Amino acid sequence: KPLASPEQGNISTSIGAAPDRAKWRAMGVMERSVRWVRWLEAVVGVPLILGSEVVGVLGVGHPAGSNRTFAPEEVDLLTQFAALAALAIGNARLYTQVQREKLYFETLLRNIPTATAIIDPAGRIISWNPAAEALFGYPQAEAIGQEADNLIAMPGDLHAEAQAFTRRTFAVGL
C-alpha cells in the first residue's frame, strides 16, 4: 500500500517544518529520509513489491510551499510504475543469477576431465570441452555447429545407431 497519513486519510501527507519522527518511523519512512523532509510539502511512497518481497520504495515529493498534494490518479500511476519497476528489478536479478550460473557451468565444463559435448535438438554441437578436443581430435572452433553423430560416430552401422539414439533421446528425453 502507498504511504498515507493516518490523520488525513488520503495519500498525500503534509509534512511541515518539524515532522513527528516517531509517526514517520511507524509509517515506514526510514530515519535517514527524514533529513530531507523539511524541504517537502507532500510526499508519497509506493512499495516495489516482487512476489511477497518488498524490494524498494518509489518515493516522490512536492517541494515546500507548493501547496500540492497527490491525487488518487497520480498515486495509481505511481503504483503502476512501481509494479513495472519491481518487475524490472526481478528481471535484473534473474539475469544476474543466470549469468552467474552460466559462468559456473562453463568453468565446470571446461575443467571436467571427461569428454563432453552438448548438442541441440537438431543434433548440432553447441558446446565442446577440451577433453572432447583431446579424445576426438577436433578443436572446439571446428566442432561447434557440426552434427555430433558425424564427428563422434564413424560411418557405417555405428553411425546409423548413433543417429537413431540421438533421435530417440530428443523424442522422449533422457
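Residues numbered from 1 in each chain as written. Predicted model: local features only at pLDDT ≥ 70, side-chain atom pairs only at ≥ 80, totals over all residues. Heavy atoms only, no water.

Trainee: Is there a simple way to explain the layout of surface pockets in this structure?
Mentor: Its volume calculated, the second largest pocket comes out at about 280 Å³. The wall of the second largest pocket is formed by 12 residues, among which Ile119, Phe165, Thr166, Thr169 and Phe170 lie closest to the centre. At the level of elements, β4 (117–119), α5 (148–152) and α6 (157–172) are the ones that each hand at least two residues to the lining of the second largest pocket. For the lining of the second largest pocket, the element with the most residues is α6, which contributes five residues. (1 Å grid on protein atoms, 1.4 Å probe; cavity = no way out; pocket = protein on both sides within 12 Å on 5 of 7 lines; lining within 4 Å. Points joined across faces, edges and corners; volume = space filled by probe spheres on them. Helix = DSSP H or I, 4+ residues; strand = E, 2+ residues; numbered from the N terminus.)

Trainee: Sorry, what's going on with the confidence of the model for the protein chain here?
Mentor: Note: predicted coordinates in regions of low pLDDT should not be interpreted at a detailed level. For the protein chain, per-residue confidence averages 79 on the pLDDT scale, and 77% of positions sit at 70 or higher. Mean pLDDT per element in the protein chain: strand β1 (residues 13–14) is the minimum at 41, and helix α4 (residues 140–143) is the maximum at 95. Below pLDDT 50 for its whole length, residues 1–21 participates in 56 contacts with residues either more than four positions away or in separate chains. pLDDT under 50 marks residues 27–34. Its contacts with residues more than four places away, or in other chains, come to 11 contacts. (pLDDT = per-residue confidence, 0-100. Contact = heavy atoms within 4.5 Å.)

Trainee: Hey, could you run me through the pattern of salt bridges in this one?
Mentor: Side chains that differ in charge, positive against negative, can pair when their charged atoms come close. Inspection of every chain in the model, using the stated rule, returns four salt bridges. With its nearest N and O atoms 3.2 Å apart, the salt bridge here joins arginine 93 to glutamate 53. Note that arginine 93 is positioned in helix α2 (residues 72–111) and glutamate 53 in strand β3 (residues 53–63), a separation of 40 residues in sequence. Linking glutamate 106 and lysine 102 is a salt bridge whose minimum nitrogen-to-oxygen distance equals 3.3 Å. On the criterion of helical spacing, the pair formed by glutamate 106 and lysine 102 is a turn pair, its members being four residues apart in helix α2. In this structure glutamate 106 comes out as partly exposed when scored by relative accessible area, which is 33%. (Salt bridge = Lys/Arg side-chain N within 4 Å of Asp/Glu carboxyl O. Buried < 20%, exposed > 50% of the residue type's maximum accessible area, 1.4 Å probe, protein only.)

Trainee: Where do I start with the side chain of aspartate 149 in this structure?
Mentor: Examined against the element boundaries, aspartate 149 turns out to sit in helix α5. The buried charged residue aspartate 149 lacks any salt bridge, with arginine 167 as its nearest oppositely charged partner at 6.6 Å. Engagement of the side chain of aspartate 149 in a polar contact is seen with the side chain of threonine 166, the distance being 3.1 Å. Beyond its immediate stretch of four places on either side in the chain, aspartate 149 contacts His159, Ala162, Gln163 and Thr166. (Lys, Arg positive; Asp, Glu negative; His and termini not counted. Polar contact = N/O pair within 3.5 Å; in protein donor to acceptor, adjacent residues only side chain to side chain.)

Trainee: What should I look at first to understand the nonpolar core in this one?
Mentor: Soluble, globular proteins show a tendency: their nonpolar side chains are buried together. If you look at the biggest cluster of nonpolar residues, it comprises 11 residues: Ala42, Val44, Val46, Leu48, Val55, Leu58, Phe70, Val75, Leu78, Ala82 and Ala86. In terms of nonpolar packing, the next biggest core, distinct from the first, is built from six residues, Ile125, Trp128, Ala143 and Leu151 among them. (Core = buried A, V, L, I, M, F, W, Y, C linked by side-chain atoms within 4.5 Å.)

Trainee: Teacher, can you tell me more about α6 here?
Mentor: Given 3.6 residues per turn, any residue in an α-helix points the same way as the ones three and four places further on. Between the first and last C-alpha of α6 there are 23 Å, a value that for 16 residues agrees with the 22 Å anticipated at 1.5 Å per step. Among all positions of α6, only His159, Ala162, Thr166 and Thr169 are buried. Taken around the axis of α6, the buried residues stretch over an arc of 90°, which confines them to a single face. In α6, the exposed positions that point more than 90 degrees away from the buried face belong to Asp157, Glu161, Arg167, Ala171 and Val172. The inward-facing, buried residues of α6 contact β4 and α5. (Expected span 1.5 Å × (residues − 1). Arc of directions from axis to C-beta.)

Trainee: Whenever I open this one, the packing of aromatic side chains confuses me. Can you help?
Mentor: Two aromatic rings, taken as a pair, are described by how far apart their centres are and by the angle between their planes. Under the defined criterion, the tally for this structure stands at one aromatic pair. When the ring of tryptophan 128 is compared with that of phenylalanine 136, the centres are 5.6 Å apart and the planes differ by 40°; the resulting orientation is tilted. (Phe/Tyr/Trp six-rings, centres within 6.5 Å; stacked < 30°, edge-to-face > 60°.)

Trainee: Sorry, what's going on with the pairing of strand β5 (residues 125–128) here?
Mentor: Two faces, one strand: in a regular strand the side chains alternate between the faces of the sheet. In terms of strand pairing, β4 meets β5 through three bridges, oriented antiparallel. Pairing of alanine 117 across the sheet is with tryptophan 128, part of β5. Taking the residues between adjacent antiparallel strands as the criterion, β4 and β5 are bridged by five residues, where glycine 123 takes a positive phi near 85°. (Pairing = 2+ DSSP bridges.)

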